[in-house]
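# Observations on the model geometry
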Amino acid sequence: MNIILGITLLLFSVILGGFIVVYLSSNNKKSLIKILLAFSGGFLLSIAFIHFLPELYESKTASIGIYVLLGFLIQLLLEFFSGGIEHGHVHVHKGQAMPWGMFIALSIHSFIEGIPLGPQSLGEVAHSTNHSHDASSLLIGILLHQLPVAIALMTVLINTKNTNYKNWFVLMAFAVMTPLGMILGYSNNSLFEYLNFDIILAIVVGMFLHISTTIIFETSENHRFNLLKLSAIIGGCVLAFFII
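To keep things clear, this report deals only with the structure shown in the data block. What you see is a predicted model; the values in this text were computed from it and never measured.

Parameters and conventions
- Residues numbered from 1 in each chain as written.
- Predicted model: local features only at pLDDT ≥ 70, side-chain atom pairs only at ≥ 80, totals over all residues.
- Heavy atoms only, no water.
- Helix = DSSP H or I, 4+ residues; strand = E, 2+ residues; numbered from the N terminus.
- Contact = heavy atoms within 4.5 Å.
- Areas by Shrake-Rupley, 256 points an atom, 1.4 Å probe, with all protein chains shown as cover.
- Core = buried A, V, L, I, M, F, W, Y, C linked by side-chain atoms within 4.5 Å.
- Buried < 20%, exposed > 50% of the residue type's maximum accessible area, 1.4 Å probe, protein only.
- Patch = residues over 30% accessible without salt bridge, like charges linked within 9 Å, V, L, I, M, F, W, Y side chains within 5 Å.
- Salt bridge = Lys/Arg side-chain N within 4 Å of Asp/Glu carboxyl O.

## Things to note about the overall build of the protein chain
Counting its secondary structure elements, the protein chain contains 10 helices and two strands. Put simply, the protein chain runs from its N terminus to its C terminus through helices and strands in the order α-α-α-α-α-α-α-α-α-β-β-α. By sequence separation, contacts in the protein chain at least 24 residues apart represent 84% of the contacts at least 6 residues apart. Carbon and sulfur atoms form 68% of the exposed surface of the protein chain, whose accessible area is close to 11,600 Å².

## Observations concerning the nonpolar core
Grouped together as the largest cluster of nonpolar side chains are 62 residues, with contacts concentrated most on Leu153, Leu171 and Val205. Of all the elements in the fold, those that place two or more residues in this core are helix H1 (3-23), helix H2 (26-56), helix H3 (64-82), helix H4 (100-114), helix H6 (134-157), helix H7 (164-175), helix H9 (197-218) and helix H10 (227-243). Not counting the four nearest positions on each side in its chain, valine 205 is found in contact with Ala48, Phe52, Leu53 and Leu56.

## Notes on a nonpolar patch on the surface
The grouping of Phe49, Ile50, Leu227, Leu230, Ile234, Val238, Phe241 and Phe242 at the surface amounts to a nonpolar patch, some 840 Å² of accessible area in total. If you list the elements that add at least two residues to the nonpolar patch, you get H2 and H10. For the nonpolar patch, the element with the most residues is H10, which contributes six residues. Assignment of secondary structure puts isoleucine 234 in helix H10.

So, in C-alpha cells, the structure goes:
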C-alpha cells in the first residue's frame, strides 16, 4: 500500500463527510449515517473474525487475547468521553459549546487505529503471519467507518457556537489523526524498534470489536431489524469476505 495514497483516502473520507453535512438535509443525513454505520459495522466485524483474529493467534505472542481485550476496554473508556458518536450517537443542541472531550476521544481513537496502517508495522504483521494483504482490508474498514463518524462530528460542530471556518478547522484536525498514526507506524524510530506490532494490531482489533458489535446491536429498533439496515450489515460482511 502506498502511504501517500492511504493518507489521501483517509483525508478524503473525512472531508467528504463534512460536505455531506453541508449539502444534505437533516433527515437524509440521519438515514445515511445509520446505513453507513450498519455497513461498516458488518465489515469491521467480519475482518476482525475472519482475518485478523485467526492471524493474530498464529503469531508468537501467546497472550495476544489480553491485548484484544485491552483494545475493547480502551474503546469503552473513550466512548465515556465521546458520547458514543463512533456508533451514531449524535447529541445536538443548537448553540452548544464546543465538545472538546468528544473531539479528544475521537482523535485518540483515530490515531491509535492508524498506527498499524504504516507500511513498516504491516511488514512486521505480514512477516509473522505469512500474509501480505492486511493493509487493504484494514484501510477499507477504517475508511468505511470514518465517513459516518465525520458526518456525525460535523453535524455536532455546525450546531455549536463556532464559526463555519472553525468547524472545518476542527474537522480537518480530526482528519489528520489517522494519517499521523499511520506515519508513526511507518517510521522506524527508537520507540517502536522493540515493539511487537501484533500487539498494536490486537488493540485496534479489540476496538473494532467493540464498535462493530455496538453498531449492530443498536441498529435495531424495538429489537426488530429494519430490512434496509439488515441488508447493509450483510452487505458489509459480504464485502469483507470477498476482499479477504
